[in-house]
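Listed below are the residues making up each chain.
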Amino acid sequence: RKEVEQDPGPFNVPEGATVAFNCTYSNSASQSFFWYRQDCRKEPKLLMSVYSSGNEDGRFTAQLNRASQYISLLIRDSKLSDSATYLCVVNTNAGKSTFGDGTTLTVKP
Amino acid sequence: GAVVSQHPSWVICKSGTSVKIECRSLDFQATTMFWYRQFPKQSLMLMATSNEGSKATYEQGVEKDKFLINHASLTLSTLTVTSAHPEDSSFYICSARDGDRVKPQHFGDGTRLSIL
């Protein structure tokens with residue numbers, strides 16, 4: 001079993017749709033959590049950190065469930081420009097970062 | 001803040017050439033930098049962790065004599081692909097953290113390496 005698992009998708013949604021991605025992690029010592037987006041042939045870019053109380057940044061909402069060891073990303077009112085691969089990243093307190101394989105989202109007109 | 005610069009962004013070389021890639025943290029100091037490789041339609045693969053002033057830590061299966069890492073200052077790490085061959089063609093990306101171990105990594109723009 002991988003340390004960080006994501007549904008690879010692809011998720012194909014129409015513009016304006018709401019879409020949610022989940023990510024599960026196996027290391028209970030994990031301390032910090034992030035979502036990145038990666039466009040084709042580009043480097044990953046930090047989308048948002050994920051906090052225990054949940055956090056929102058515009059159309060994006062991130063949630064953390066430590067008991068069940070998963071994090072989620074909700075995108076509301078999807079735009080064409082949201083099409084990308086979304087990577088879940090988990091850090092342990094020892095500084096090790098583990099990346100999920102990514103979930104591919106395609107938003108269609 | 002937390003900008004990481006990588007150079008060059010694209011390299012095309014003949015087989016047998018050694019290629020050096022630079023990774024710089026522009027607005028912060030990074031005692032640790034990370035080197036990744038990514039093949040088309042595959043996930044990021046951590047190659048090694050670069051430690052300022054000491055030897056890099058390589059992941060299993062990554063040849064340290066093939067991929068030389070030097071982290072001589074708090075803002076610069078270099079990866080040299082020695083005697084590159086076509087199978088080394090890939091997208092190489094570096095990253096660094098601005099702060100402690102629980103902070104996120106920030107990535108350079110990546111270097112697309114093509115060996116003919």
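Calculation notes
Residues numbered from 1 in each chain as written. Chains lettered and ligands numbered in written order. Predicted model: local features only at pLDDT ≥ 70, side-chain atom pairs only at ≥ 80, totals over all residues. Heavy atoms only, no water. Contact = heavy atoms within 4.5 Å. Buried area = accessible area lost by both parts, 1.4 Å probe. Salt bridge = Lys/Arg side-chain N within 4 Å of Asp/Glu carboxyl O. Polar contact = N/O pair within 3.5 Å; in protein donor to acceptor, adjacent residues only side chain to side chain. Nonpolar A, V, L, I, M, F, W, Y, C, P; charged D, E, K, R; others polar. Helix = DSSP H or I, 4+ residues; strand = E, 2+ residues; numbered from the N terminus. Disulfide = S-S within 2.5 Å. Buried < 20%, exposed > 50% of the residue type's maximum accessible area, 1.4 Å probe, protein only.

Let us look at the interface of chain B and chain A. Of the residues lining the interface, 18 residues belong to chain B; the matching set on chain A comes to 20 residues. Here chain B meets chain A over a buried area of about 1,400 Å², counting both sides, of which 54% is carbon and sulfur. Among the residues of chain B in contact with chain A, Arg 101, Val 102 and Phe 107 of chain B are the three that bury the most area, contributing 31% of the side total. Taken together, the connections running from chain B to chain A amount to zero salt bridges. Run the count over chain B and chain A and you get nine residue pairs in polar contact (both at pLDDT 80 or more). Of the residues belonging to the side of chain B that touches chain A, the class tally is eight nonpolar, five polar and five charged.

Here we come to unusual backbone geometry. Residue and element names in this part refer to chain A. In this structure, Pro 10 follows Gly 9 across a cis peptide bond, with omega equal to 5°. Locating Pro 10 in the fold gives a position in the loop between strand 1 (4-6) and strand 2 (11-14). A positive phi angle, near 50°, is found at Asp 77, a position not held by glycine. Checked against the element boundaries, Asp 77 lands in the loop between strand 8 (70-75) and strand 9 (84-92).

Bringing the state of the cysteines into the picture now. Considering all chains together, one arrives at two disulfides over all chains under this definition. Between the sulfur atoms of Cys 23 of chain A and its disulfide partner Cys 88 of chain A the distance amounts to 1.9 Å. On the sign convention where negative means left-handed, the S-S torsion of about -70° between Cys 23 of chain A and Cys 88 of chain A marks this disulfide as left-handed. Of the two residues, Cys 23 of chain A sits in strand 3 (residues 19-25) while Cys 88 of chain A sits in strand 9, which places them 65 residues apart along the sequence. Each member of the pair, Cys 23 of chain A together with Cys 88 of chain A, is buried. A disulfide bridge connects Cys 23 of chain B with Cys 94 of chain B, and the sulfur atoms are separated by 2.0 Å. The sign of the S-S torsion, about 80°, decides the handedness of the disulfide formed by Cys 23 of chain B and Cys 94 of chain B: right-handed. Residue Cys 23 of chain B is found in strand 3 (residues 19-25), and its partner Cys 94 of chain B is found in strand 9 (residues 90-97); the two are separated by 71 residues along the sequence. Judged on exposure class, the residue Cys 23 of chain B and its partner Cys 94 of chain B are both buried. Of the cysteine sulfurs around Cys 40 of chain A, a residue in no disulfide, the closest is that of Cys 94 of chain B, at 20 Å.

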